[in-house]
Amino acid sequence: MKLIFEKSREGRRLSILPPADVPHTALPQDLCREAPLRLPQVAECDIDRHYAALARRAHGVCNGFYPLGSCTMKYNPRIDEEIAALPGFAGIHPLQRPQTAQGGREVLSLCEAMLCEITGMDAVTFQPAAGAHGEFTGLLLIKAYHEDRGDMARTKIIVPDSAHGTNPASAAMAGYEVVNIPSGTDGCVDLEALRAAVGPDTASLMLTNPNTVGLFDPNILQITRIVHEAGGLCYYDGANLNAIMGVVRPGDMGFDVVHLNLHKTFATPHGGGGPGSGPVGCKAFLNPFMPQSCLGGTPGEKSMGQVRAFYGNFAVVVKALCYMLTLGAQGIREAAENAVLNANYMMHGLKGTYDMAYDHICMHEFVMTLDKLKKETGVSALDVAKGLLDAGIHPPTMYFPLIVHEALMVEPTETESRETLDEAVDVLIDLAKTARENPQVLHDSPLHTPIRRPDEVRAARSPKLKADLP
Ligand SMILES: *Cc1c(COP(=O)(O)O)cnc(C)c1O
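Since the model is a prediction, treat every value here as computed from it, not as a measurement.

Definitions and limits used
- Residues numbered from 1 in each chain as written.
- Predicted model: local features only at pLDDT ≥ 70, side-chain atom pairs only at ≥ 80, totals over all residues.
- Heavy atoms only, no water.
- Patch = residues over 30% accessible without salt bridge, like charges linked within 9 Å, V, L, I, M, F, W, Y side chains within 5 Å.
- Areas by Shrake-Rupley, 256 points an atom, 1.4 Å probe, with all protein chains shown as cover.
- Salt bridge = Lys/Arg side-chain N within 4 Å of Asp/Glu carboxyl O.
- Lys, Arg positive; Asp, Glu negative; His and termini not counted.
- Charge placed at Lys NZ, Arg CZ, Asp CG, Glu CD.
- Helix = DSSP H or I, 4+ residues; strand = E, 2+ residues; numbered from the N terminus.
- Buried < 20%, exposed > 50% of the residue type's maximum accessible area, 1.4 Å probe, protein only.
- Near = heavy atom within 4 Å.
- Polar contact = N/O pair within 3.5 Å; in protein donor to acceptor, adjacent residues only side chain to side chain.
- Nonpolar A, V, L, I, M, F, W, Y, C, P; charged D, E, K, R; others polar.
- Pairing = 2+ DSSP bridges.
- Contact = heavy atoms within 4.5 Å.
- Axes fitted to C-alpha atoms, helices over the stretch in contact; angles between N-to-C directions.
- Parallel < 35°, antiparallel > 145°, perpendicular 65-115°, else oblique.
- Left-handed = near helix turned anticlockwise from the far one by under 90°.
- Phe/Tyr/Trp six-rings, centres within 6.5 Å; stacked < 30°, edge-to-face > 60°.
- Lys NZ or Arg CZ within 6 Å of the ring centre and 35° of its normal.

## Digging into a negative patch on the surface
Phase 1 of the analysis: A contiguous patch of negative charge on the surface is contributed by E419, E423, D426 and D430.
Phase 2 of the analysis: By the element assignment, D426 lies in helix α13 (residues 418–437).
Phase 3 of the analysis: Taking relative accessible area as the criterion, D426 reaches 48% and is therefore assigned partly exposed.

## Considerations on the site of the ligand
Phase 1 of the analysis: Taken together, the neighbourhood of the ligand is formed by 14 residues, with G131, A132, D237, H263 and K264 sitting nearest.
Phase 2 of the analysis: One nitrogen or oxygen atom from the side chain of K264 is found 2.7 Å from an oxygen atom belonging to the ligand.
Phase 3 of the analysis: Look at the ligand: alone it shows 380 Å² of surface, and the protein chains cover 87% of it.
Phase 4 of the analysis: Contributions of two or more residues to the shell around the ligand are made by α5 (131–148) and α9 (262–265).
Phase 5 of the analysis: With three residues, the single largest contributor to the shell around the ligand is α5.
Phase 6 of the analysis: In terms of residue class, the shell around the ligand is made up of three nonpolar, eight polar and three charged.

## Structural notes on the sheet that holds strand β11 (residues 407–410)
Phase 1 of the analysis: With antiparallel pairing, four strands are arranged side by side in an open sheet as β8-β9-β11-β10. Looking at which strands have only one partner, the edges of the open sheet turn out to be β8 (355–356) and β10 (397–398).
Phase 2 of the analysis: With two bridges connecting them, β8 and strand β9 (residues 366–369) associate as antiparallel partners. Looking across to β9, one finds that D355 is bridged to T369.
Phase 3 of the analysis: Across the sheet, helix α12 (residues 381–390) lies against β10 and β11, angled at about 40 degrees from β11, the strand it touches most.

## Description of the packing of helix α4 (residues 102–119) against helix α10 (residues 314–350)
Phase 1 of the analysis: Here α4 crosses α10 at 45 degrees, and the two axes come no closer than 9 Å. Judged by the angle between their axes, α4 and α10 are oblique. Crossing angle aside, the handedness with which α4 passes α10 is left-handed. Every residue of α10 that contacts α4 at G104, V107, L108, L110, C111, M114, L115 and I118 is listed here: F314, V317, V318, A320, L321, M324, L325 and I332.
Phase 2 of the analysis: Across the contact of α4 with α10, the residue classes break down as 15 nonpolar, one polar and no charged.

## What to know about unusual backbone geometry
Phase 1 of the analysis: Backbone torsion omega between N209 and P210 reads -5 degrees, so that peptide bond is classified as cis.
Phase 2 of the analysis: Looking at the element boundaries, P210 is found in the loop between β4 (202–208) and α8 (220–229).
Phase 3 of the analysis: Here F400 and P401 are connected by a cis peptide whose omega angle stands at -5 degrees.
Phase 4 of the analysis: Topologically, P401 is positioned in the loop between β10 and β11.
Phase 5 of the analysis: Unlike most non-glycine residues, F310 shows phi in positive territory, near 55 degrees.
Phase 6 of the analysis: Inspection of the secondary structure assignment puts F310 in the loop between β7 (280–282) and α10.
Phase 7 of the analysis: Assessed through its relative accessible area of 38%, F310 is described here as partly exposed.
Phase 8 of the analysis: We note that E406 has phi near 45 degrees; this positive angle belongs to a residue other than glycine.
Phase 9 of the analysis: Relative to the elements of secondary structure, E406 occurs in the loop between β10 and β11.
Phase 10 of the analysis: Judged by relative accessible area, which is 10%, E406 ranks as buried.

## Description of α12
Phase 1 of the analysis: Across the ten residues that make up α12, a large majority, seven, are buried.
Phase 2 of the analysis: Looking at α12, one finds that the buried residues are A381, D383, V384, A385, K386, G387 and L388.
Phase 3 of the analysis: Residues of α12 that are buried sit in contact with α11 (371–377), β10, β11, α13, α14 (439–444) and α15 (456–461).
Phase 4 of the analysis: The positive-phi residue at the C-terminal boundary of α12 is G392, with phi of around 80 degrees.

## Looking at the packing of aromatic side chains
The geometry of an aromatic ring pair comes down to the distance between the two centres and the angle between the two planes.
Phase 1 of the analysis: Under the criterion given, the structure shown has five aromatic pairs.
Phase 2 of the analysis: Centre to centre, the rings of Y236 and F255 are 4.8 Å apart; their planes meet at 80 degrees, and the pair counts as edge-to-face. Pair noted here: Y236 is in strand β5 (residues 233–238) and F255 is in the loop between β5 and β6 (257–260), with a separation of 19 residues, a long-range link.
Phase 3 of the analysis: Judged by its relative accessible area of 0%, Y236 falls in the buried class.
Phase 4 of the analysis: Considering the side-chain rings of F266 and Y323, the 6.4 Å spacing of their centres and the 85 degrees angle between planes classify their relative orientation as edge-to-face. Taken together, the residues F266 in the loop between α9 and β7 and Y323 in helix α10 connect sequence positions 57 residues apart.
Phase 5 of the analysis: With relative accessibility at 0%, the residue F266 sits in the buried group.
Phase 6 of the analysis: The rings of Y145, F285 and F289 are connected pair by pair, giving a single aromatic cluster.
Phase 7 of the analysis: Lying across the ring of Y176, K143 places its NZ or CZ 5.0 Å from the centre.

Following this line, the structure appears as structure tokens:
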């Protein structure tokens, strides 16, 4: 495919601007560029085709099924985008006098109230720009609390090995020592290992629930009790609230702090590179340490300090509010129930063909292990993922979580129909058959995508982001 610069022709342009109706004035020389800015010169039709062609080379939820586990790539209603783009929201400025921005303030406080209701928390900050940023904020909140009590000995964060990878990373970033505890054979927290790990040096437990193998920990109340009895706090990674919203609340399970990913569960598309929003909710006793109220203002005397300017990514909050108002309390619960139903339906359809990492009822996602298939046929999880691409399906998350060998982690989401799930199950069953009958086909896949198999290490470590233009 040609670069837009290669399509450029001197003097070609799209003239959508009306002629100037004011006198032309030259800019002061010292403010001008030394060389003219190099911009492609193309007609409107060419530019439209160029970007449409680029879009066709990528796979999104509008192209087909996208069951990327731990990412919640669901269809998000267009109405939310349209509401967020209304001039009254899009044109609002954070330095505007509050008297002139009452609508924006109402969005923030209404969304805070709803998220408090959904999580069982007492206050929310919208400052964090993403999930990992929310984790970092929540941990600094916990740190500020312990330090305010003069308890400086709590230097450790307990993270089960089934946690999302950002959990230990955020704990380290916040200056904590990470204590990893293993999961039991059932994929859940090993209570004995947890009891052995907690103590006067425990600042908090960070729990991803449902965990990264898609299971709701049945011992959740015991877990939070063990940590609290040791004087630690409990942090809930609620990035994927899809399975539980409207059904159970982290606050009722004994958690003190929670972050959500509005760009997974609440109607902002995930995977576009942002902007996102990772609001943090806390119980009332932690509120004095929060960055500031969700309506801004001066942070309190004990505040951990701001983690971002102003009110966070406001437009993402507008979308979340619009989504919640559209669904209503009943609809939010139904979305969660359908996310869980869809995952279990697909898992059931695949059970005879693929091995499940944990053969329990799952939440919004499930994990298969292709270890045996690889030993028997040489076909790996990667090969099956590449085979899916030729069928127009985005692969599930691969080789994650790390505690499962040859893992494929599938999250169908609540927005997919039974027919789509049936088709995907058929495709996966077909691929397993191909693995046994003609494995080379899968080693060679994909055959019909714009690029075949890039060197994934080089693509990530030394990406070529700039073209050498003549
Ligand atoms: C996605 C995710 C995160 C990180 O969120 P980002 O917005 O990508 O920083 C954290 N925890 C869990 C469980 C997640 O799924």
